[in-house]
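Descriptive structure summary
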2 protein chains.
Amino acid sequence: MTLSEEDYIKAIYHLGKGENSTVSTNAVAYQMETKPSSVTDMIKKLSDKGVVNYRPYKGVSLTEYGQKIALSQVRKHRLWEVFLLEKLDFSWDEVHDVAEQLEHIKSEKLIDQLDKHLGFPEVDPHGDPIPSKKGELKKTIKKLLNEVPIGASGICVGVKDSSPPFLKFLDRNNIALGDTILVLEKEEFDGSLYIRIKESKIHISDQIASNLYLKITE
Amino acid sequence: MTLSEEDYIKAIYHLGKGENSTVSTNAVAYQMETKPSSVTDMIKKLSDKGVVNYRPYKGVSLTEYGQKIALSQVRKHRLWEVFLLEKLDFSWDEVHDVAEQLEHIKSEKLIDQLDKHLGFPEVDPHGDPIPSKKGELKKTIKKLLNEVPIGASGICVGVKDSSPPFLKFLDRNNIALGDTILVLEKEEFDGSLYIRIKESKIHISDQIASNLYLKITE
DNA sequence: ACAAATATTTAGTTTTGTCTAAAATTATTT
DNA sequence: AAATAATTTTAGACAAAACTAAATATTTGT
Ligand SMILES: [Mn+2]
Ligand SMILES: [Mn+2]
Ligand SMILES: [Mn+2]
Ligand SMILES: [Mn+2]
């Protein structure tokens, strides 16, 4: 597959929400930042190659083969994101663009060894699961921190309240998007939580916890 | 620069032996595994961009600007080679092809951080020097091991005698291409050498040492 | 149900990088 | 100094991936 084909396959996969659902030409065009006519051309080519099921005017979906390619692509993308964050000190929001390029390098050994070098990570810096080499993918769900069960951990992926005071609070307490949070204990009295974040243990109120989203792997 | 342009620039640089020397169309075509007519087309484009000096029928050379690009490209290529060998356990002869792809990833931060992650290496797995960010390049020379001064070290890059018995000897003594060898001491009596290789100290005869090439940085 | 709005495809170009075949230039022999 | 050989360039074509403008199909609103 060419770089372009790989990106289209990934776009169709993501728009189909990981399911085999049918995706519209316009949706792909928007995602890929191209014109619908370009999408039609590419879809025809992918259809000829057996990567997608295509019925003119009705949309596209990935074939079994196409899904395999998509998952392999997602695997590469997310492993590179972990690499950039963990080994090269990139920040949460810088990893995506570079991974978008790195995911197209052709070498099976490269990915296998990268996986090993990273200690076989299960999720990427955005809390999304990394498909296994065979294409198995764990499910993740997004939950407010106060609804995460004791003992579970997840990655901080967003805030419900994005007011400056709240963001300032997070900053002061050294809580940032991309951080892994482990729920240690819940205070019965006021619902406040003891959590582990970046090697330190902190205590946060229920009000804070009910405004932070975590992505957790089941 | 596009991927293709970058590879042409690198080819012209290498054929010019790092000097600004003029290179023939056919030489570039051979190196790039393309046809001479394709090379002429590309050279014209690079000339328009101010990357090369071109006089029809007379050959090309890099401009100052072109040399900068070439050195930056060589830097990326060699840093990735070190990464593949050191961090991902690739072997000496596997690194080149993958680095040929990785060198085209566009991200200044990526290369800076990679350099840091690798501990600012000075040479690649083939003993070739890695240009600095500013484009400075150390000189290296190839010498037979028995001519390397005491205290100097280099990378094993070839053999003079490639007969099966000699290669078998190297294999048995765990000496391989790409290994870093440090010359510790020379025995006056028979010219034999004590060397350090992969954390171990071994003793080899002058006959062996005079059949192994090292690449050393000055 | 039918007109208007929206979505999708087709037709015709463009750019990049490649190719083959033919023409032009330069180098080598005799 | 011609003739021959080798190298290099030009001309014309092609595939990939994009675009614009026009045509066609589908969906929506009344
Ligand atoms: Mn990509
Ligand atoms: Mn991600
Ligand atoms: Mn390359
Ligand atoms: Mn090298």
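Residues numbered from 1 in each chain as written. Chains lettered and ligands numbered in written order. Predicted model: local features only at pLDDT ≥ 70, side-chain atom pairs only at ≥ 80, totals over all residues. Heavy atoms only, no water.

Side note on the protein's contact with DNA strand D
Taken together, 21 residues lie near DNA strand D, and Thr2, Ser38 and Lys45 of chain A together with Lys44 and Tyr54 of chain B sit nearest. Backbone atoms, meaning sugar plus phosphate, form 80% of the atoms of DNA strand D positioned within 4 Å of the protein. Residue Tyr57 of chain B places a main-chain N or O atom 2.9 Å away from a phosphate oxygen belonging to DNA strand D. Within the surface near DNA strand D, the residues separate by chemical class into 7 nonpolar, 10 polar and 4 charged. (Near = heavy atom within 4 Å. Polar contact = N/O pair within 3.5 Å; in protein donor to acceptor, adjacent residues only side chain to side chain. Nonpolar A, V, L, I, M, F, W, Y, C, P; charged D, E, K, R; others polar.)

A word on the coordination of the manganese ion (ligand 1)
All names here are of chain A. Around the manganese ion (ligand 1), the protein contributes the donor atoms Asp7 (OD), Glu100 (O), Glu100 (OE), Glu103 (OE) and His104 (NE2), at 2.0 to 2.4 Å from the metal centre. In the primary structure, the donors to the manganese ion (ligand 1) are separated according to the pattern D-x92-E-x2-E-H. Exposure remark for Glu100: the relative accessible area of 21% places this residue in the partly exposed category. (Donors = N, O, S within 2.8 Å, 3.2 Å for Na, K, Ca; no water. Buried < 20%, exposed > 50% of the residue type's maximum accessible area, 1.4 Å probe, protein only.)

Re the sheet that holds strand S6 (residues 193-197) of chain A
All names here are of chain A. Across the sheet, 6 strands lie side by side as S3-S8-S4-S5-S6-S7; this open sheet has antiparallel pairing. Strand pairing shows two members of the sheet lacking a second neighbour, strand S3 (140-144) and strand S7 (200-204), which therefore form its edges. On average, adjacent strands in this sheet sit at an angle of 40° to one another, irrespective of strand direction. Inspection of the sheet shows S6 paired to S7 by 5 bridges, in the antiparallel sense. The residue of S7 that forms the bridge with Leu193 is Ile204. (Pairing = 2+ DSSP bridges. Helix = DSSP H or I, 4+ residues; strand = E, 2+ residues; numbered from the N terminus. Axes fitted to C-alpha atoms, helices over the stretch in contact; angles between N-to-C directions.)

Examining helix H6 (residues 108-117) of chain B
All of the buried residues in H6 of chain B are Leu110, Ile111, Gln113, Leu114, Asp115 and His117 of chain B. Where the residues of H6 of chain B are buried, they touch helix H4 (64-86), helix H5 (95-102) and helix H6 (108-117) of chain A together with helix H4 (64-86) of chain B. (Contact = heavy atoms within 4.5 Å.)

Quick notes on the packing of aromatic side chains
A complete count under the given rule lists 3 aromatic pairs over all chains for this structure. Considering the side-chain rings of Trp80 of chain A and Phe83 of chain A, the 5.5 Å spacing of their centres and the 80° angle between planes classify their relative orientation as edge-to-face. Here Trp80 of chain A pairs with Phe83 of chain A, and both are found in helix H4, just 3 residues apart, close to one helical turn. Phe83 of chain A carries the same exposure label as Trp80 of chain A, and that label is buried. Among the aromatic residues, ring-to-ring pairing joins Trp80 and Phe83 of chain A together with Trp80 and Phe83 of chain B into one connected group. Sitting over the ring of Tyr213 of chain A, Lys142 of chain A keeps its end group 4.8 Å from the ring centre. (Phe/Tyr/Trp six-rings, centres within 6.5 Å; stacked < 30°, edge-to-face > 60°. Lys NZ or Arg CZ within 6 Å of the ring centre and 35° of its normal.)

Points about the protein's contact with DNA strand C
Near DNA strand C lie 21 residues; those nearest to it are Lys44 and Tyr54 of chain A together with Thr2, Ser38 and Lys45 of chain B. Of all atoms in DNA strand C that approach within 4 Å of the protein, 75% are sugar or phosphate atoms. In the environment of DNA strand C, a phosphate oxygen lies 2.9 Å from a nitrogen or oxygen atom belonging to the backbone of Tyr57 of chain A. Contacts to DNA strand C include Tyr57 of chain B, whose side-chain N or O atom sits 3.5 Å from a sugar or linking oxygen. Among the elements of the structure, helix H2 (25-32) and helix H3 (36-48) of chain A together with helix H1 (3-15) and helix H3 (36-48) of chain B are those that each provide at least two residues to the surface near DNA strand C. Per element, the largest residue contribution to the surface near DNA strand C is 5 residues, and it comes from H3 of chain B.

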